[in-house]
Amino acid sequence: MSTGTLDTPAPRPPLTRKDLRADHPTWCPGCGDFAVLASFHRVLEKMQLPHERIVTLAGIGCSSRFPYFVNSHGGHFIHGRALPFASGVSLSRDDLHVFVFGGDGDGFSIGGNHLQHAGRKNIKMTYVIMDNSVYGLTKKQTSPTSPIGFKSKTDTTGAFDRPINPMNTLLASGATFVARSHATQVNHMVEMFERAMKHDGFSVIEILSECVEFFPGAFDTSVPRKGGSFVAIEEKRGDGSPEDANRHDPTNLESAFALANEQWPGVFGVFYQVNRPTKNALEAGLIAKARERTKGASDLDLLRATFNRLR
Ligand SMILES: Cc1ncc(C[n+]2csc(CCOP(=O)(O)OP(=O)(O)O)c2C)c(N)n1
Ligand code: SF4
């Protein structure tokens, strides 16, 4: 077998799920996050993305432990602050595929402001929010998606604040790919991951993922564990059939908001997907123009020139 040379590296054996696993997950037995991780390993295996091009980042929370369990570059940041870090990685290394993982608290509460900015700037990355409607790691506090009446350590007599609507929030952020899935639906999660990864822009998937310890049954009333009433969005196929008129057009923001406002838990799938220039591409264009203007000066020359101007 050829071992390759510096100029012609040896062909790499295909990546397997085993190669993609890292530490043994430490979640409670039965936690929905296990299935999200299994689906992620499956999609990486399917897409054969080399390890060195994958970056998995997270904030703090049970779901945010995700990067420990994926064999890739990765990092764990302050609660709610993974998105700014991920934005920096994505903008400086466009060749990497950046993933961010976290919970509903991390994404919609303490990190909610970052979501708005990553969305409106359309920074290239895939953000996965594992929504369990509770703060799991800190042992049962009300989260922004907890329903009214939910009894927790912060609302001992039942929550009375109106919960946010995650899909409305994600659509309003300006994200160019917005989808929802459910942790009992492995094939569906794989499909959503794959489509999000292929999207050129800020893609975000909310996955309903049960916390069996502090909010068991959060999604059971309408979506039984085995996915009995799991309803996938039917997207327009443009096949000219009469039924196509009633199918969802994911490029239509108004229809996406209408789906988001359906009775809980509504439907699952791609709510919205459009192409809009990414900040990565816009910045690259700006840098190329600057290089042209400065006749190929090095970064150091440019830095020196800037300092000299400021002096
Ligand atoms: C600045 C800051 N505030 C609060 C905390 C405490 N804290 C850690 S994780 C967490 C919430 C986790 O909930 P969520 O993001 O929904 O993730 P889950 O554990 O449910 O997956 C909180 C409040 C912290 N670590 N840092
Ligand atoms: S506390 Fe809940 S979210 Fe955290 S690992 Fe256990 S089941 Fe999962």
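## Structural notes on the overall build of the protein chain
Thinking step 1. A tally of helices and strands in the protein chain yields 10 helices and seven strands.
Thinking step 2. What you see for the protein chain is a C-alpha radius of gyration of 21 Å, in line with the 19 Å of a compact globule of 311 residues.
Thinking step 3. Taken along its principal axes, the extent of the C-alpha atoms in the protein chain is 65 × 55 × 50 Å.
Thinking step 4. Relative to its full complement of 311 residues, the protein chain shows a buried share of 46%.
Thinking step 5. Summarising the internal contacts of the protein chain: among those between residues at least 6 apart in sequence, 67% fall at separations of at least 24.
Thinking step 6. When the accessible surface of the protein chain is summed, it comes to about 16,100 Å², and 56% of that surface belongs to carbon and sulfur atoms.

## Digging into the packing of aromatic side chains
Thinking step 1. Summed over the entire model, instances satisfying the criterion amount to 14 aromatic pairs.
Thinking step 2. With centroids separated by 5.5 Å and ring planes inclined at 65°, the aromatic side chains of Phe40 and Phe193 adopt a geometry described as edge-to-face. Taken together, the positions of Phe40 in helix α2 (residues 33-47) and Phe193 in helix α7 (residues 186-198) put the pair 153 residues apart, joining distant regions of the chain. Here Phe40 and Phe193 have matching classes, each one buried.
Thinking step 3. Between Phe99 and Phe101 the ring centres are 6.3 Å apart and the planes differ by 20°, which places this aromatic pair in the stacked class.
Thinking step 4. A cation over a ring is seen here: Arg180 above Phe268, with NZ or CZ 5.2 Å from the ring centre.

## Some details on the layout of surface pockets
Thinking step 1. In this model, the largest pocket occupies a volume close to 320 Å³.
Thinking step 2. In terms of lining residues, the largest pocket is bounded by 18 residues, among which Thr145, Pro163, Ile164, Pro166 and Trp264 are the most central.

## Structural notes on the site of ligand 1
Thinking step 1. The full set close to ligand 1 counts 16 residues, and Cys62, Ser63, Gly105, Asp106 and Gly136 are the nearest of them.
Thinking step 2. With four residues, the single largest contributor to the shell around ligand 1 is helix α4 (residues 104-110).
Thinking step 3. Across the shell around ligand 1, the residue classes tally to six nonpolar, eight polar and two charged.

## What to know about empty space enclosed by the protein
Thinking step 1. Using the criterion set out here, one finds two cavities of 30 Å³ or more in the structure.
Thinking step 2. Empty space within the largest cavity amounts to approximately 40 Å³.
Thinking step 3. Every residue along the wall of the largest cavity is listed here: Gly80, Arg81, Ala82, Leu83, Val100, Asp106, Gly107, Gly111 and Tyr127.
Thinking step 4. Contributions of two or more residues to the lining of the largest cavity are made by α3 (82-92) and α4.
Thinking step 5. A class-by-class count of the residues in the lining of the largest cavity yields four nonpolar, three polar and two charged.

## Section: helix α8 (residues 253-260)
Thinking step 1. If you check which residues of α8 are buried, you get Ala256, Leu259 and Ala260. For α8, the angular spread of buried residues about the axis comes to 100°, placing them on one side.
Thinking step 2. Packing partners of the buried residues in α8 comprise α6 (166-172) and β7 (269-273).
Thinking step 3. Put simply, Asn252 is the residue that caps the front of α8, since its side-chain oxygen is 3.0 Å from the backbone nitrogen of Glu254.

Conventions adopted
Every chain begins its residue count from 1, and numbering advances along the sequence as written. Written order determines the labels here, with chains lettered from A and ligands numbered from 1. Local features in a predicted model are, by the rule used here, given only for residues with pLDDT of at least 70; side-chain atom pairs are given and counted only at 80 or more, and totals for whole chains, interfaces and linings are based on all residues. Hydrogens are left out, water is left out, and the side-chain values use all remaining heavy atoms of the structure. By definition, any uninterrupted DSSP run of H or I lasting at least four residues is a helix, any uninterrupted run of E lasting at least two residues is a strand, and each is numbered from the N terminus. For a compact globule the rule gives 2.2 Å times the number of residues to the power 0.38, and the radius of gyration it is set against comes from C-alpha atoms. Think of it in three bands: with a 1.4 Å probe and only protein chains considered, a residue is buried below 20% of the maximum accessible area for its type, exposed above 50%, and partly exposed in between. By definition in these notes, contact holds between two residues if any of their heavy atoms fall within 4.5 Å. Using the Shrake-Rupley algorithm and a 1.4 Å probe, accessible areas are obtained, with residue cover drawn only from the displayed protein chains. Any two rings among Phe, Tyr and Trp, with Trp reduced to its six-membered ring, count as a pair given centres within 6.5 Å; such a pair is stacked if its planes are under 30 degrees apart, edge-to-face if over 60, and tilted if neither. Here, a charge over a ring is recorded when the distance from Lys NZ or Arg CZ to the ring centre is within 6 Å and its angle to the ring normal is within 35 degrees. Of the two site types, the cavity is a set of points on a 1 Å grid over the protein atoms alone where a 1.4 Å probe fits but cannot get out, and the pocket is an open set with protein on both sides within 12 Å along at least five of seven lines, each lined by residues with an atom within 4 Å of a point. Grid points are joined across faces, edges and corners, and a volume is the space filled by probe spheres set on the points. The near set for a molecule or strand comprises every residue that places at least one heavy atom within 4 Å of it. In the scheme used here, Gly and all other residues not listed as nonpolar or charged are polar, with Ala, Val, Leu, Ile, Met, Phe, Trp, Tyr, Cys and Pro taken as nonpolar and Asp, Glu, Lys and Arg as charged. Arc, as used here, means the arc of the directions from the helix axis to the C-beta atoms. Think of a polar contact as two N or O atoms within 3.5 Å of one another; within protein, one of them needs to be a possible hydrogen donor and the other a possible acceptor, and neighboring residues in sequence only count if both atoms come from side chains.

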